[in-house]
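Here are the chains, one letter per residue:
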Amino acid sequence: MRIIPLVGALLIPLSATVTAAPVTWSSVQGEWQVVGVTPKPQSGQIYIKNDPQFMGARVAFKPNAIVWTRGTAERSITPAQDNCKGKPRLSAANGAQQDKDFNFRYGFNVTCDNQPWGPAPGAVLSVLADGNARLFWDGAQLSLRRVK
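Treat the numbers as computed from the prediction; the structure is a model and nothing was measured. Per chain, residues are indexed from 1 in the order of the written sequence. Local features are withheld for residues below a pLDDT of 70 in this predicted model, meaning they are given only at 70 or higher, and side-chain atom pairs are given and counted only at 80 or more; totals for whole chains, interfaces and linings count all residues. Hydrogens are left out, water is left out, and the side-chain values use all remaining heavy atoms of the structure.

Our focus in this paragraph is the environment of Ile66. The way it works is that DSSP assigns letters per residue, a run of H or I at least four long becomes a helix, a run of E at least two long becomes a strand, and they are numbered from the N terminus. Following the sequence through the fold, Ile66 ends up in strand β4 (residues 65-70). For the pair Ile66 and Gly86, spaced 20 residues apart in the sequence, the C-alpha separation amounts to 8.1 Å. The contact criterion used throughout is that any non-hydrogen atoms of two residues lie within 4.5 Å. Ignoring any residue separated from it by four or fewer positions in sequence, one finds Ile66 in contact with Trp25, Val59, Ala60, Phe61, Asn83, Cys84, Pro88, Val110 and Trp117.

Set out below in structure tokens:
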């Protein structure tokens, strides 16, 4: 009978590392680097696991802009398409606003001057309890680590 409480106690720290925490725009400000790529689990997906199009790329979340600061050899930055020169905002993403292949807690739609930022239907950001983040971008989950 003592095993069940022990198992429960061991699982509590594990759950803390995989759930996300609510965030504000000021808490995500800084520069983030793509350290992992997970494509949607469907045939015909244009991205692969740890796709070199994104690995090592960097994005800066600023008070009044979102700027990709580093592209990759396989994918350069197209400022007019990739960057946001307007006021970024976060709004809760839930239900139909979430991609059915990437359901998660505490996701936020990222808007730029009240328009979705990124490829349609728009990017969704989730910050994990360990301080890392996930950016759902164009059918892939980009794992981000803060670098500045």
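On to the confidence of the model for the protein chain. Every residue carries a pLDDT, the predictor's confidence in it, which falls somewhere between 0 and 100. In this model, the protein chain carries an average pLDDT of 80, and 76% of its residues clear a pLDDT of 70 or more. The model gives residues 5-18 a pLDDT under 50, and that stretch makes two contacts with residues more than four places away or in other chains.

Moving on to the state of the cysteines. Cysteine pairs can be linked by a disulfide, which is a covalent bond between their two sulfur atoms. The term disulfide is used for any two cysteine sulfur atoms that are within 2.5 Å. Under the criterion given, the structure shown has one disulfide. Residue Cys84 pairs covalently with Cys112 via a disulfide, S to S 2.1 Å. Between Cys84 and Cys112 the disulfide shows an S-S torsion of about 90 degrees. By sign, it is right-handed. On the criterion of sequence distance, the pair formed by Cys84 in the loop between α3 (79-82) and β5 (88-93) and Cys112 in strand β6 (residues 107-112) is long-range, its members being 28 residues apart. A relative accessible area of 1% places Cys84 in the buried class. Relative accessibility under 20% of the residue-type maximum defines a buried residue, over 50% an exposed one, and the middle range a partly exposed one, all with a 1.4 Å probe and only protein chains included.

All right, on to the pattern of salt bridges then. Think of a salt bridge as a Lys or Arg side-chain nitrogen and an Asp or Glu carboxyl oxygen that are within 4 Å of each other. Taken as a whole and judged by the stated rule, the model has three salt bridges. Note that Glu31 and Arg58 form a salt bridge whose closest N and O atoms lie 3.9 Å from each other. Of this pair, Glu31 sits in strand β2 (residues 30-39) while Arg58 sits in strand β3 (residues 58-62); the two residues are 27 residues apart in sequence, bridging distant segments of the chain. Here Glu31 and Arg58 have matching classes, each one buried. Here Lys148 and Glu31 are joined by a salt bridge, their closest N and O atoms 3.8 Å apart. In this pair, Lys148 is assigned in the segment after β10 (140-146) and Glu31 in strand β2, connecting sequence segments 117 residues apart. Exposure remark for Lys148: the relative accessible area of 63% places this residue in the exposed category. Here the salt bridges share partners, and the residues they tie into one network are Glu31, Arg58 and Lys148.

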